[in-house]
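Notes for the structure review
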Amino acid sequence: LENLKTILKYMLEDKEAVKQFDNGLGYFTNKIYQEISNLIQDYLAKYNENYSVANVVNYVNAFDGQINEETKTKMINEITSISIENSNYPPYTKEEMDECIKIVEETKKIYRDKEVFIETSQGKTLEEKAKAAQRLIEERRKSLKK
């Protein structure tokens, strides 16, 4: 979650980070983060020159009826919280953003592998499950070495 927050913080601070997100990760699995990302992109499409966290918050507030109040409140709270938490985040650089995206993609791959393992293990013997798990571990080691 920390890397997701860092990516969103960079997106809130710098238009270049938004482009990098679009070309790299592309979407958040976290619903609120994805909603914020959509609004940031929508805002930039309309008001590219006046980009700031305050303007994004005002933009979220202006969506009367299009976003339910609970979601709007969650979005504003998340934006505010991430914007205030300066100490935990290194400043935005293309390299920092790339590193965060890489970590998030690795994490997603681990979860996908786990889901595939669970699905393909149903009805298998303990020995077959152990062999499948060993194969997954070997694949992970190989990908980490790269």
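Just so it is clear, the model here is predicted, and its values are computed rather than measured.

**Focus on helix H1 (residues 2-13)**
Along its 12 residues, H1 runs 17 Å from first to last C-alpha, staying within 8% of the 16 Å computed at 1.5 Å per residue. Buried residues dominate H1, accounting for 9 of its 12 residues. Where H1 is concerned, the buried positions are Leu4, Lys5, Thr6, Ile7, Leu8, Lys9, Tyr10, Met11 and Leu12. Lining the buried residues of H1 we find helix H2 (15-23), helix H3 (31-46), helix H4 (53-61), helix H5 (69-84) and helix H6 (94-121).

**Focus on the packing of H1 against H6**
Running from amino to carboxyl end, H1 crosses H6 at an angle of 145°, the nearest separation of the two axes being 9 Å. Two packed elements cross with a definite hand, and for H1 against H6 that hand is left-handed. Listed contacts from H6 to Asn3, Leu4, Thr6, Ile7, Tyr10 and Met11 of H1 are Glu96, Met97, Cys100, Ile101, Ile103 and Val104. Of the residues belonging to the contact of H1 with H6, the class tally is 9 nonpolar, 2 polar and 1 charged.

**Things to note about the packing of aromatic side chains**
Going through the model one piece at a time under the given rule, you end up with 7 aromatic pairs. With a centroid separation of 4.7 Å and an interplanar angle of 25°, the aromatic rings of Phe21 and Phe28 are classed as stacked. Look at Phe28 and Tyr33: their rings are 5.7 Å apart centre to centre, the planes differ by 90°, and that puts the pair in the edge-to-face class. Here the two residues Phe28 and Tyr33 agree in accessibility, since each one is buried. Every member of this aromatic cluster is reached through a ring pair, and the members are Tyr43, Tyr47, Tyr51 and Tyr59. The ring of Tyr27 has Lys108 sitting right over it, with the charged end atom 3.9 Å from the ring centre.

**Some thoughts on the nonpolar core**
Of all hydrophobic cores here, the largest spans 35 residues; its most connected members are Ile7, Leu8, Met11, Phe28, Ile40 and Met97. Of all elements in the fold, only H1, H2, H3, H4, H5 and H6 reach the threshold of two or more residues within this core. Broken down by element, this core gets its largest block of residues, 7 residues, from H3. Those residues in contact with Met97, other than ones at most four positions away along the chain, are Ile7, Tyr10, Met11, Ala17, Gln20, Phe21 and Tyr92.

Conventions adopted
Residues numbered from 1 in each chain as written. Predicted model: local features only at pLDDT ≥ 70, side-chain atom pairs only at ≥ 80, totals over all residues. Heavy atoms only, no water. Helix = DSSP H or I, 4+ residues; strand = E, 2+ residues; numbered from the N terminus. Expected span 1.5 Å × (residues − 1). Buried < 20%, exposed > 50% of the residue type's maximum accessible area, 1.4 Å probe, protein only. Contact = heavy atoms within 4.5 Å. Axes fitted to C-alpha atoms, helices over the stretch in contact; angles between N-to-C directions. Left-handed = near helix turned anticlockwise from the far one by under 90°. Nonpolar A, V, L, I, M, F, W, Y, C, P; charged D, E, K, R; others polar. Phe/Tyr/Trp six-rings, centres within 6.5 Å; stacked < 30°, edge-to-face > 60°. Lys NZ or Arg CZ within 6 Å of the ring centre and 35° of its normal. Core = buried A, V, L, I, M, F, W, Y, C linked by side-chain atoms within 4.5 Å.

These results come straight from atomic positions and should not be treated as a statement about function.
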